[in-house]
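# Overview (structure and organization)
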Amino acid sequence: MHRCAICQTNRAQVIRPKNGQKICKSCFLEVFELEVHTTIVENNIFPRRGERVAIGASGGKDSTVLAATLKALNERYDYGVEFVLLSIDEGIHGYRDDSLETVKRNAVQYGMELCIVGYDTLYGWTMDKVVEKIGKKGNCTYCGVFRRQALDRGAKRLDISHILTGHNADDIAETVLMNFLRGDLPRLGRCAEIMTASATSPMRRSKPLKYAYEKEIVLYAHYRELDYFSTECVYSPEAFRGNARSLLKELEKIRPSSVLDIVRSGEQLVHDVKSPSKPGCGERNGCRGQDKGSVSGSQVMSTEPATLKLLQGAAQTNDGAGIQTIGVCGKCGYMSSQPICKACVLVDSLNKTEPPVEVSLTGNMISIEVSGGILI
Amino acid sequence: MTTDTIPITVELAGGLELLFDNEKKLRINIPAKTEDGDATNINYLVNYLCVHHMKDTRREMFEVDGTVRAGILVLINDADWELEGEGEYELQPKDTILFVSTLHGG
Amino acid sequence: MEFEITMADIANRPRPAAQNLCKRCKVNPPDITMRHEAICWTCFQIYIRTKFTRHMEPYKVKKGNLSTKKLLLATSLGVSSTVLLDTLYWHRSLQIERAKRSKYDVCVVHIDETAVTGNATNTTPDTAATTTSVDECIEKLKENYPQFEFIRVPLEEIYTISGNTTVEEIASTAAGLTLDSTSTSPSSSTPLTKLCTLLSSLNSRASQMDLINILRTRLLVEIAKQRNCEAIFFGDTMTKMAAMVLAEVTKGRGHALPWLISDGPTPYGPQLIIRPFRELSKSEIISYTTFASLWPFSIISQETATTAPKPPIKAKNQTIDEIMQKFFDDFSNSHLSTNVVKTAEKLDFADDRDRAQRLGLCEICGLPMDEDPRVRKLKNIVKVDEKGEEGSGSSNGSGSVSDADARIYCLEPPVGEEGLKERRCYGCRRSTLGAGKIDWPVNNR
């Protein structure tokens with residue numbers, strides 16, 4: 001029998017993938033929560049007391065663990081924020097109905113308000129109807145575009161400007177690998193960021209589980225006996241991500257820290273690629289000089305960490321210059337960098353009898369993280 | 001030739017139960033020895049479950065290369081199987097073996 | 001009438017001709033399908049050589065400039081190294097033929113790792129039966145390429161070369177362990193035992209091969225310095241480089257990618273790294289090897305190189321580099337290598353030079369240190385904080401951040417090595433995790 005490396009008393013039940021440490025169940029739960037807390041504090045995820053923050057809740061393991069940990073940490077460390085569960089009903093029969101029941105139970109269990117936003121009310125189309133119309137191929141694109149806006153719209157309806165999602169370290173590592181394999185430089189530069197703000201959205205999005213292994217999330221849910229729902233989206237083919245995922249699993253086998261190490265590498269790429277407000281710029285060489293985000297970045301870089309005021313001054317001017325492009329969609333009035341927002345373009349194509357439009361994957365709106373029912 | 005069996009509990013979670021006709025808990029008696037006379041281990045159990053209990057035809061969702069598919073977490077009496085010798089762990093009477101998928105949507 | 005018929009014949013001709021003749025020269029029958037084009041062997045050779053020659057601009061014979069440069073060709077004796085050697089030989093011979101002189105001399109260096117890896121090559125475990133031995137292979141190369149100089153240097157020489165050892169001494173110890181008897185130091189600290197001690201302190205084969213890769217490159221640079229070689233040539237293909245990119249990302253060295261994959265000078269010194277095959281795929285190099293009958297000059301057998309890679313060794317004992325190479329060698333993934341390399345090439349770290357100055361170089365890999373997480377995180381915080389009013393928070397003091405580094409990444413430095421974070425980059429800290437104090441042979445300048 002192995003003894004716990006932390007308390008030296010109990011039987012070890014878990015091997016930590018980050019460093020191979022063998023620890024007991026209660027020490028594991030404690031370290032797991034402490035790491036999420038550290039992530040929150042170090043990244044200043046909750047800068048304002050009294051803020052209402054939405055948790056994108058799918059009823060799956062990641063968002064359930066996120067909600068459970070945040071409830072515990074908010075009570076323990078007094079972040080002073082109020083959490084609201086925000087769920088999207090894509091209208092996928094046999095997938096979403098059941099998971100929404102889970103979310104409803106979670107809302108009661110964690111004492112959090114729940115808001116469900118449906119694709120049918122937002123777009124007039126459920127995913128079942130979309131698939132009926134266009135087939136299974138490419139439907140994830142629709143789902144992803146719709147969902148991203150749905151979360152924003154849902155949050156806006158609740159007068160909330162900060163959404164937390166359950167992305168874990170494995171998701172991010174996979175995305176880093178995938179963006180390399182796809183040659184998607186702009187996304188590569190921001191996929192490992194813990195918090196993102198987009199030009200087309202006033203929302204902040206944060207990933208407090210960014211450093212948590214999928215395996216540890218499942219263990220946490222198991223040991224805490226959390227009530228979560230697990231099934232694959234019936235329409236998700238897992239194609240490209242599956243490739244990166246199996247590669248990641250193989251790497252994890254020989255060096256379990258690989259997942260975290262890839263996240264770390266991804267973070268290092270963040271400041272080399274353009275700011276999120278100017279997508280596509282990074283795809284061309286030689287435009288670096290004109291990019292304000294980059295200029296500000298090098299100022300930050302050359303400044304001593306201690307001179308915080310100066311840093312903020314630099315960032316402020318940058319932000320002021322970067323946000324100017326937000327307009328509104330001529331159709332729905334929702335924020336958009338284009339005359340008509342992507343969601344409306346897609347809805348239009350669905351409403352016509354023509355074949356579906358090709359959606360550019362390099363645009364700003366579509367999230368890459370569209371697989372497996374993960375809320376973005 | 002021995003017909004001894006070991007009583008164990010097998011639990012399925014994280015979506016794996018769908019492969020087993022939505023059974024989350026199986027109480028089974030597994031042969032104490034393999035056909036070759038070796039003690040029954042987890043890898044043997046994985047195959048045994050595929051043959052005797054899996055209702056789904058997609059065996060590869062559970063078993064790959066003689067052991068559980070990567071991405072399925074195995075807990076032996078609530079402890080990570082990596083602490084117990086993984087697939088080589090020899091089953092003991094009244095063991096509880098939990099298979100939980102980490103692969104399904106969250 | 002007759003004339004018209006002939007015209008019509010000509011007009012009709014291209015269609016069957018296109019199918020039966022090389023797409024490029026339209027003269028020879030095609031031998032190979034390359035990037036969806038059926039071309040002949042001669043055109044294929046032109047294609048390979050054109051890609052190569054693009055990198056040889058600085059080594060052209062110029063009127064009135066009689067200086068000769070020295071180049072180092074690093075060879076693993078694998079397929080790509082051998083094709084590069086052959087191509088370089090062709091290039092140089094052409095100069096002599098046309099200009100009666102050559103712009104450069106070539107020293108071919110093989111770093112011998114057999115003493116520590118126990119096998120002929122590090123990348124592709126090959127069975128003894130199908131492998132030409134290293135000695136045999138080098139002898140054949142010497143015979144076939146008489147104008148090149150060949151040397152074989154054991155990896156453990158890295159412990160002596162960066163000290164006061166002269167070139168002559170290296171050459172004399174090139175046979176391997178002969179140093180033992182002449183050395184005054186006790187046998188417990190021979191270069192080989194030092195290297196073995198270092199490697200055995202590491203926790204996995206993945207970590208060992210990672211450090212061996214670093215040592216190999218650094219030894220090559222040292223040899224180049226001592227022999228006044230201006231540049232080091234590597235046979236790395238696009239396929240190999242894609243594997244390298246993702247392997248280094250997986251090891252946590254994203255911050256050093258440009259240094260790892262771009263041609264040019266390195267932080268180790270002014271010697272240039274040149275990879276003339278960086279636009280070619282591994283399968284193209286393999287085809288070339290067959291056409292040019294170069295298989296006898298490589299320690300990799302044709303059979304090994306062309307059959308699908310089997311999972312080498314024990315699955316858990318694989319290295320990260322091996323997994324990545326296997327991934328890109330897999331035909332169904334080969335097209336992805338272009339994306340990976342092109343993407344990595346675009347990461348041209350604007351702050352890089354500044355970063356190297358500010359943060360220094362990693363004591364192990366010798367590349368610029370990774371960004372202090374404090375700076376990076378502060379930047380992330382201020383970026384999303386539009387008003388910039390509340391971004392600071394009291395929690396961003398340096399003390400708590402370094403705790404976070406240990407708590408979040410779980411890379412606690414070993415006892416007595418608390419300042420490691422300032423000297424060793426993330427990837428090297430990962431590869432040396434748990435190794436304690438290590439005797440590292442090379443210093444940064």
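None of the values given here were measured: they were computed from a predicted structure. (Residues numbered from 1 in each chain as written. Chains lettered and ligands numbered in written order. Predicted model: local features only at pLDDT ≥ 70, side-chain atom pairs only at ≥ 80, totals over all residues.)

The next subject is the overall build of chain A. Along chain A, the regular secondary structure elements total 14 helices and 10 strands. The 376 residues of chain A split such that 56% are buried. Considering only intrachain contacts with a sequence separation of at least 6, the fraction spanning at least 24 residues in chain A is 72%. (Helix = DSSP H or I, 4+ residues; strand = E, 2+ residues; numbered from the N terminus. Buried ≥ 20, exposed ≤ 12 C-beta atoms within 10 Å, placed from the backbone. Contact = placed C-beta atoms within 7 Å.)

It is worth spelling out the overall build of chain C at this point. Scanning chain C from N- to C-terminus turns up 22 helices and 8 strands. Out of the 445 residues in chain C, the part that is buried amounts to 45%. Long-range pairs, those at least 24 residues apart, make up 71% of the contacts in chain C between residues at least 6 apart in sequence.

Residue and element names in this part refer to chain C. Here chain C shows a mean pLDDT of 80. Residues at 70 or above account for 76%. Below pLDDT 50 for its whole length, residues 120-130 participates in 28 contacts with residues either more than four positions away or in separate chains. This model gives residues 380-400 a pLDDT under 50, and the stretch forms 38 contacts once residues within four places in sequence are excluded. Model confidence for the complex is summarised by a pTM of 0.83, with the ipTM given as 0.92. (pLDDT = per-residue confidence, 0-100.)

Okay, the UniProt feature "binding site: ATP" (unreviewed entry) in chain A next. All names here are of chain A. Following the UniProt record, the feature "binding site: ATP" (unreviewed entry) maps to Gly-56, Ala-57, Ser-58, Asp-62, Ile-88, Gly-166 and Asp-171 here. Looking at the element boundaries, Gly-56 is found in strand E3 (residues 52-56). For Gly-56, a count of 26 C-beta atoms within 10 Å gives the class buried. Under the C-beta neighbour-count criterion, Ala-57 is labelled buried, with 33 such atoms within 10 Å. Setting aside residues up to four positions removed in sequence, Ala-57 forms contacts with Ser-63, Ala-67, Leu-85, Leu-86, Ser-87, Val-103 and Asn-106. (UniProt positions renumbered as here; feature names shortened; annotations may be inferred.)

We now examine the nonpolar core. If you look at the biggest cluster of nonpolar residues, it comprises 221 residues, and the most contacted ones within it are Leu-177 of chain A together with Leu-72, Leu-73, Ile-232, Phe-233 and Val-245 of chain C. Residues in contact with Val-245 of chain C, not counting those within four places in the same chain, are Phe-180 of chain A together with Leu-257, Ile-261, Val-340, Val-341 and Ala-344 of chain C. (Core = buried A, V, L, I, M, F, W, Y, C linked by C-beta atoms within 7 Å.)

Next up on the list: helix H10 (residues 191-200) of chain C. Three or four residues apart is the spacing at which side chains of an α-helix point the same way, because the helix has 3.6 residues per turn. Residues Pro-191, Leu-192, Leu-195, Leu-198 and Leu-199 of chain C constitute the buried set of H10 of chain C. The buried side chains of H10 of chain C occupy one side of the element, clustering within an arc of 125° when seen end-on. (Arc of directions from axis to C-beta.)

Strand pairing in a sheet relies on backbone hydrogen bonds, with the paired strands running either antiparallel or parallel. All names here are of chain B. Read across the open sheet, the 5 strands follow the order E2-E1-E7-E5-E6; overall the sheet is mixed. Two strands bound the open sheet, and with one partner strand each, they are strand E2 (25-31) and strand E6 (79-80). Of the strand pairs in this sheet, strand E1 (residues 5-13) and E2 are connected by 7 bridges, and their pairing is antiparallel. Note on E2: the bridge partner recorded for Ile-6 is Ile-30. (Pairing = 2+ DSSP bridges.)

Residues and elements named next belong to chain A. Relative to each other, helix H1 (residues 25-42) and helix H2 (residues 61-77) sit at 75°, their axes nearing to 10 Å. Taken as axis vectors, H1 and H2 run roughly perpendicular relative to one another. Packed against H1, whose contacting residues are Glu-33, Val-36 and His-37, the element H2 presents Thr-69, Ala-72, Leu-73 and Tyr-77 at the interface. Residue composition of the contact of H1 with H2, by class: 4 nonpolar, 2 polar and 1 charged. (Axes fitted to C-alpha atoms, helices over the stretch in contact; angles between N-to-C directions. Parallel < 35°, antiparallel > 145°, perpendicular 65-115°, else oblique. Nonpolar A, V, L, I, M, F, W, Y, C, P; charged D, E, K, R; others polar.)

All names here are of chain C. Strand order in the open sheet formed by 6 strands is E5-E4-E3-E6-E8-E7, with mixed pairing between adjacent strands. Strand pairing shows two members of the sheet lacking a second neighbour, strand E5 (149-154) and strand E7 (264-266), which therefore form its edges. If you compare each strand with its neighbour and ignore which way they point, the axes differ by 35° on average. Relative to strand E8 (residues 269-274), strand E6 (residues 231-233) is paired through 3 bridges, and the arrangement is parallel. Opposite Phe-233, over in E8, you have Ile-274 as the bridge partner.

On to the domain arrangement of chain C, then. One frequent convention defines the size of an interface as the accessible area lost when the parts assemble. All names here are of chain C. Taken domain by domain, chain C holds domain 1 (1-60), domain 2 (66-346) and domain 3 (352-431). At the junction of the two partners, domain 1 supplies 13 residues and domain 2 supplies 14 residues. When contributions to the side of domain 1 that touches domain 2 are tallied by element, the ones reaching two or more residues are strand E1 (32-34) and helix H3 (41-53). With 7 residues, H3 is the single largest residue contributor to the side of domain 1 that touches domain 2. For the side of domain 1 that touches domain 2, the residue count by class is 8 nonpolar, 2 polar and 3 charged. (Domains from an automatic or database assignment.)

So, on to the environment of Arg-69 of chain B. All names here are of chain B. In this structure, Arg-69 sits in the loop between strand E4 (67-68) and strand E5 (72-76). Using a count of 19 C-beta atoms within 10 Å as the deciding quantity, one classes Arg-69 as partly exposed. The spatial distance from the C-alpha of Arg-69 to the C-alpha of Arg-59 is 9.8 Å, given a sequence separation of 10 residues. Discounting chain neighbours no more than four positions away, the residues touching Arg-69 are Glu-60, Met-61, Phe-62, Glu-63 and Val-64.

Before going further, it helps to spend a moment on unusual backbone geometry. Residue and element names in this part refer to chain A. Positive phi values are uncommon outside glycine, yet Asp-159 reaches one of about 60°. For Asp-159, the position within the fold is in the loop between helix H6 (139-157) and strand E6 (162-164). Here Glu-225, not a glycine, exhibits a phi torsion of approximately 50°, which is positive. With respect to the element layout, Glu-225 can be found in the loop between helix H9 (214-223) and helix H10 (239-254).

The subject of this paragraph is the confidence of the model for chain A. Note: predicted coordinates in regions of low pLDDT should not be interpreted at a detailed level. Residue and element names in this part refer to chain A. The predicted model of chain A averages 76 in pLDDT, with 74% of residues at 70 or higher. Scored below 50 in pLDDT, residues 272-325 makes 87 contacts in the model with residues more than four places away or belonging to other chains. The model gives residues 358-376 a pLDDT under 50, and that stretch makes 64 contacts with residues more than four places away or in other chains.

Let's shift gears to the environment of Thr-165 of chain A. Looking at the element boundaries, Thr-165 of chain A is found in the loop between E6 and helix H7 (169-182). When the C-alpha positions of Thr-165 of chain A and Ile-262 of chain A are compared, they lie 20 Å apart, and in sequence the two are 97 residues distant.

Residues and elements named next belong to chain C. With their axes 8 Å apart at the nearest point, helix H12 (residues 238-250) and helix H16 (residues 320-329) run at an angle of 140° to one another. Relative to H16, the element H12 is oriented oblique. The hand of the H12/H16 crossing is right-handed. Here Thr-239, Ala-242, Ala-243, Leu-246, Ala-247 and Thr-250 of H12 lie close against H16, whose contacting residues are Ile-320, Asp-321, Met-324, Gln-325, Phe-327, Phe-328 and Asp-329. (Left-handed = near helix turned anticlockwise from the far one by under 90°.)

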